[in-house]
Amino acid sequence: MKDNLKQQRDYFGEALLELGRANPQVLTLTADLESSLKLTAFREKFPNRFFNIGVAEQNLIGTAVGLSLEGFIPFCASFAVFLPGRCFDQIRVSVCQNKANLKLVGGHLGFSNSGDGASAQAVEDIALMRSLPEMVVLCPYDGEETKELVKVTAEHNGPVYLRISKSEVPPEIKIKNEKLKMTYKKLKIGGARVLKEGGELTIASHGPILEEVLVASQNFDVEIIDAYSIKPLNKEMILKSAAKTGKVLVVEEHSIYGGLGSAVAELLSQEYPVPVKILGIPDVFGESARGRQQLLEKYGLNANNIREVISNL
Amino acid sequence: MENLEEIAKKVRQNVLKMIYRAGSGHPGGSLSSTDLLVGLYFGGVMSEKDKFILSAGHVCPAWYSTLNYKLQITNYKLREFGSPFQGHPYKKFASFVETSTGSLGQGISVGVGMALGKKIKREPGLIWVLSSDGEQEEGQVWEAMMFASHQKLNNFCLIIDRNGMQIGGDTEKIAALEPLKEKYQAFGWKVLEIDGHNFGQIISALRKARENRDEPLVIIGKTIRGKGVSFMENQERYHACTLTEEEYRKAMKELRSN
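Residues numbered from 1 in each chain as written. Chains lettered and ligands numbered in written order. Predicted model: local features only at pLDDT ≥ 70, side-chain atom pairs only at ≥ 80, totals over all residues.

Novice: Help me out: how do you make sense of the overall build of chain A in this one?
Specialist: Looking only at helices and strands, one finds 11 helices and 14 strands in chain A. Its C-alpha atoms give chain A a radius of gyration of 18 Å, near enough to 20 Å, the size a compact globule of 313 residues would have. In terms of overall dimensions, chain A has a C-alpha envelope of 55 × 40 × 35 Å along the principal axes. Counting across all 313 residues of chain A, residues that qualify as buried make up 56%. Across chain A, the fraction of contacts at a sequence separation of at least 24, relative to all contacts at a separation of at least 6, is 74%. (Helix = DSSP H or I, 4+ residues; strand = E, 2+ residues; numbered from the N terminus. Rg over C-alpha atoms; globule rule 2.2 N^0.38 Å. Buried ≥ 20, exposed ≤ 12 C-beta atoms within 10 Å, placed from the backbone. Contact = placed C-beta atoms within 7 Å.)

Novice: It is not clear to me how the interface of chain A and chain B should be interpreted in this structure. Could you clarify?
Specialist: Across the contact, 20 residues belong to chain A and 25 residues belong to chain B. When residues of the side of chain A that touches chain B are traced back to their parent elements, those giving at least two are α3 (57-69) and α4 (88-95) of chain A. The element best represented in the side of chain A that touches chain B is α3(A), accounting for nine residues. Its residues placed into classes, the side of chain A that touches chain B shows eight nonpolar, 10 polar and two charged. (Nonpolar A, V, L, I, M, F, W, Y, C, P; charged D, E, K, R; others polar.)

Novice: Please explain the packing of α3(A) against helix α4 (residues 106-121) of chain B as it appears in this structure.
Specialist: The packing of two helices is summarised by the inter-axis angle and the distance between the axes. In contact at an axis separation of 6 Å, α3(A) and α4(B) are set at 50° when each is read in the N-to-C sense. By the angle class used here, α3(A) and α4(B) are oblique. Note that α3(A) runs across α4(B); the crossing there is right-handed. Each of A:Gln58, A:Asn59, A:Gly62, A:Thr63, A:Ala64, A:Val65, A:Gly66, A:Leu67 and A:Leu69 in α3(A) lies in contact with α4(B), whose residues at this interface are B:Gln106, B:Ser109, B:Val110, B:Gly111, B:Val112, B:Gly113, B:Met114, B:Leu116 and B:Gly117. In the contact of α3(A) with α4(B), the residues fall into eight nonpolar, 10 polar and no charged. (Axes fitted to C-alpha atoms, helices over the stretch in contact; angles between N-to-C directions. Parallel < 35°, antiparallel > 145°, perpendicular 65-115°, else oblique. Left-handed = near helix turned anticlockwise from the far one by under 90°.)

Novice: Whenever I open this one, helix α8 (residues 199-207) of chain B confuses me. Can you help?
Specialist: Given 3.6 residues to a turn, an α-helix orients residues that are three or four positions apart in the same direction. Residues and elements named next belong to chain B. When we look at burial in α8, the residues that qualify are Phe-199, Ile-202, Ala-205 and Leu-206. Buried residues of α8 fall within an arc of 135° about the axis and therefore sit on the same side. Exposed residues pointing more than 90 degrees away from the buried face of α8 are listed as Gly-200 and Arg-207. Where α8 is buried, its residues meet α1 (4-22), α2 (27-42), β6 (190-195) and β7 (217-222). (Arc of directions from axis to C-beta.)

Novice: Quick question: what am I supposed to make of the pairing of strand β2 (residues 127-132) of chain B here?
Specialist: Both faces of the sheet carry side chains from a regular strand, because those side chains alternate between them. Residues and elements named next belong to chain B. In terms of burial, β2 is a largely internal element, six of the six residues being buried. Here β2 shows two buried faces, one formed by Ile-127, Val-129 and Ser-131 and the other by Trp-128, Leu-130 and Ser-132. As paired elements, strand β1 (residues 51-54) and β2 share four bridges and run parallel to each other. Residue Leu-54 lies in a different strand from β2, and its bridge partner there is Leu-130. Two strands pair when backbone bridges link them, and β2 and strand β3 (residues 156-162) are joined in this way by six bridges, in the parallel orientation. (Pairing = 2+ DSSP bridges.)

Novice: Explain the pairing of strand β14 (residues 276-281) of chain A here, please?
Specialist: Residue and element names in this part refer to chain A. Most of β14 sits out of view: five of its six residues are buried. Relative to β14, strand β13 (residues 248-255) runs parallel, the two being bridged by five bridges. Bridge assignment links Val-250 to a residue of β14, and that residue is Ile-278. In the classification by handedness, the crossover that spans β13, the intervening helix α9 (residues 260-271) and the parallel β14 is right-handed. (Right-handed = clockwise from strand over helix to strand, strands pointing away.)

Novice: I'm lost on the domain arrangement of chain A in this one. Help?
Specialist: When the parts come together, some accessible area is lost, and that loss is often what is quoted as the size of the interface. Residues and elements named next belong to chain A. The domain architecture assigned to chain A consists of domain 1 (2-169) and domain 2 (178-312). The C-alpha centroid of domain 2 is placed 23 Å from the C-alpha centroid of domain 1. The partner domain 2 presents 31 residues to the 32 residues of domain 1 that form the contact. Looking at the side of domain 1 that touches domain 2, the elements with two or more residues in it are α5 (125-130), β6 (136-138) and α6 (143-155). Ranked by residues supplied to the side of domain 1 that touches domain 2, first place goes to α6 with five residues. Class assignment of the residues belonging to the side of domain 1 that touches domain 2 gives a composition of 16 nonpolar, 10 polar and six charged. (Domains from an automatic or database assignment.)

Novice: Honestly, the packing of α1(B) against α2(B) in this entry has me stumped. Any pointers?
Specialist: Residue and element names in this part refer to chain B. Running from N to C, α1 and α2 cross one another at 140°; their axes reach a closest spacing of 9 Å. When the axis of α1 is compared with that of α2, the two are oblique. You can see that α1 and α2 cross each other, and the crossing is right-handed. Of the residues in α2, those touching α1 at Leu-4, Ile-7, Ala-8, Val-11, Arg-12, Val-15, Leu-16 and Ile-19 are Pro-27, Ser-30, Leu-31, Thr-34, Asp-35, Val-38, Gly-39 and Phe-42. When the residues that make up the contact of α1 with α2 are grouped by side-chain class, the tally is 11 nonpolar, three polar and two charged.

Novice: What am I meant to see in the nonpolar core here?
Specialist: The tendency in soluble globular proteins is for nonpolar side chains to be buried as a group. Grouped together as the largest cluster of nonpolar side chains are 167 residues, with contacts concentrated most on A:Cys76 and A:Val250. The element that contributes the greatest number of residues to this core is α1(B), accounting for eight residues. Those residues in contact with A:Cys76 that sit more than four places away from it in its chain are A:Leu29, A:Leu60, A:Ile61, A:Ala64, A:Leu83, A:Leu102, A:Lys103, A:Leu104 and A:Val105. (Core = buried A, V, L, I, M, F, W, Y, C linked by C-beta atoms within 7 Å.)

Novice: In this structure, what is going on with the environment of A:Ile164? I would like to understand it.
Specialist: Residues and elements named next belong to chain A. Tracing the sequence through the fold places Ile-164 in the loop between β7 (160-163) and β8 (168-169). Put simply, Ile-164 and Ser-112 are 52 residues apart on the chain and 9.5 Å apart in space, counted from C-alpha to C-alpha. Ignoring any residue separated from it by four or fewer positions in sequence, one finds Ile-164 in contact with Gln-8, Arg-9, Phe-12, Val-105, Gly-107, Leu-109, Pro-140 and Thr-146.

Novice: What is the right way to look at the environment of B:Ser131 in this model?
Specialist: Residues and elements named next belong to chain B. Tracing the sequence through the fold places Ser-131 in strand β2. Judged by C-beta crowding, with 27 C-beta atoms within 10 Å, Ser-131 ranks as buried. In this structure the C-alpha to C-alpha distance between Ser-131 and Ile-53, which are 78 residues apart in sequence, comes to 8.9 Å. Setting aside residues no more than four positions away along its own chain, Ser-131 makes contact with Ser-55, Ala-56, Ile-108, Leu-158, Ile-159 and Ile-160.

Novice: Mind showing me how you'd approach the sheet that holds β2(B) here?
Specialist: The strands making up a sheet are joined through hydrogen bonds of the backbone, oriented either antiparallel or parallel. Residues and elements named next belong to chain B. Spatial ordering of the open sheet is given by β1-β2-β3-β7-β6, a layout of five strands whose pairing is parallel. Pairing within the sheet leaves two strands with one partner each, and these edge strands are β1 and β6. Strand-to-strand twist of the sheet, defined as the mean angle between neighbouring strand axes without regard to direction, takes the value 20°. Alignment of β3 against β7, held across six bridges, turns out to be parallel. Looking at β7, one finds that Ile-160 is bridged to Ile-220. Relative to β6, α8 is tilted by about 165°, and along the sheet it contacts β6 and β7.

So this is what it looks like as structure tokens:
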């Protein structure tokens, strides 16, 4: 069963290729990470719409902004540590202060690149992007969600940061409850989806760590929200769920500072104060490991750790 | 052709008026780049399909004043609340701004992207970018230089206001740029070095931007910071400052009498 799983970046590469077919204005730019971000199929199909800028992320952003001002829709793809990490000011001024219609794709989120260690593990990228006016921040989980959010990203007129992983993810989520079933076509900027209904605790999360959350929450009466649109946040859904359960746990493969946990805490503390627990990467950088699971365990983010936190809340 | 010297004189007066009234601004670089801008906008070298980016966003008083004169708009005030003449060019407030600048190094990259976009679309027109010499210290400039020549962007013309000074003093004492010409050549650019206050040389160099070539063009205009106001020339104080009433009156008197 596990053998059939694909990595989230594979779904991204497929969606980008489809997008290239559907929209001739879409270009792909990378700072020499074509194979890491699964861009090869796009390059082979559209060699004249693919640009390897070289290992130069700042110029990657500037060039993409120029292309967007000429009417193209550039998708800029690199590791999340470099993009947005290395070119924050270029994104701040050239992208956001122009409201440029370009898309940033940050790969290998959180601990998904376990071997490369601290310099390659993006644990603070959401905090950076969430702080910028005009920027939209999206973090998909399963394969279908990833593909749909690539489309949503392209349709939005303005900058979007799409955060993706090297981790394996299920192709789609099987939701048993008929009432909760939704089509992926309903995903939108500012949206969120309930993966499981419950009454005693709300868990908000995003990205591949949802796998751990789903396993951990079995046998608990908890409501699980996939808050794939971190900015703008689906405030209504979170407020409604918090009003029902009275307490909220946020789980994310990101620093405890500045991510979804902060977004939820900012919302609830001002509009509907209830206890909030943020379970994320503590205030540390990552480190090398043979696998992501070792790091999740060490930093308290695997299913067992999450289960323990749920049972104590 | 209108008398470029006369236009430049009026633009310089407007630069000082703007900065004096705003209570802050960058007179040194604005005055050194005035002739390059006046040459570009009034020398008959720009076409309707061309686009211009002020990558050295801090010298916008010179650009705004040039546009003021060109478009006969006088009702906007520099750095005033809600004004399109923001302290650094900001697209949100001004439709004539192609790309927001003010953080050095970025406008050149964006211009390179626009030039590439025109190539993909097979569209005519040049992208002109005005940069400062202090800006050349930004790593992004060298990233863009490498990429522009690799893509053979012969529809791109970079103009460098080489006044030799930056905030902290002489460029050569801080992080020597020389030999700047050879550096650009080594990166695959065609380089023209000119006297950035000589309109004959300025126009002749700008015209070369439309010549058939395989490489991007850079025009290094040797200039004097604070040009046109004797007590401001090559003085560190006038990089960015508040002009006193006495300084303003003295400077205007000199510009009017010259």
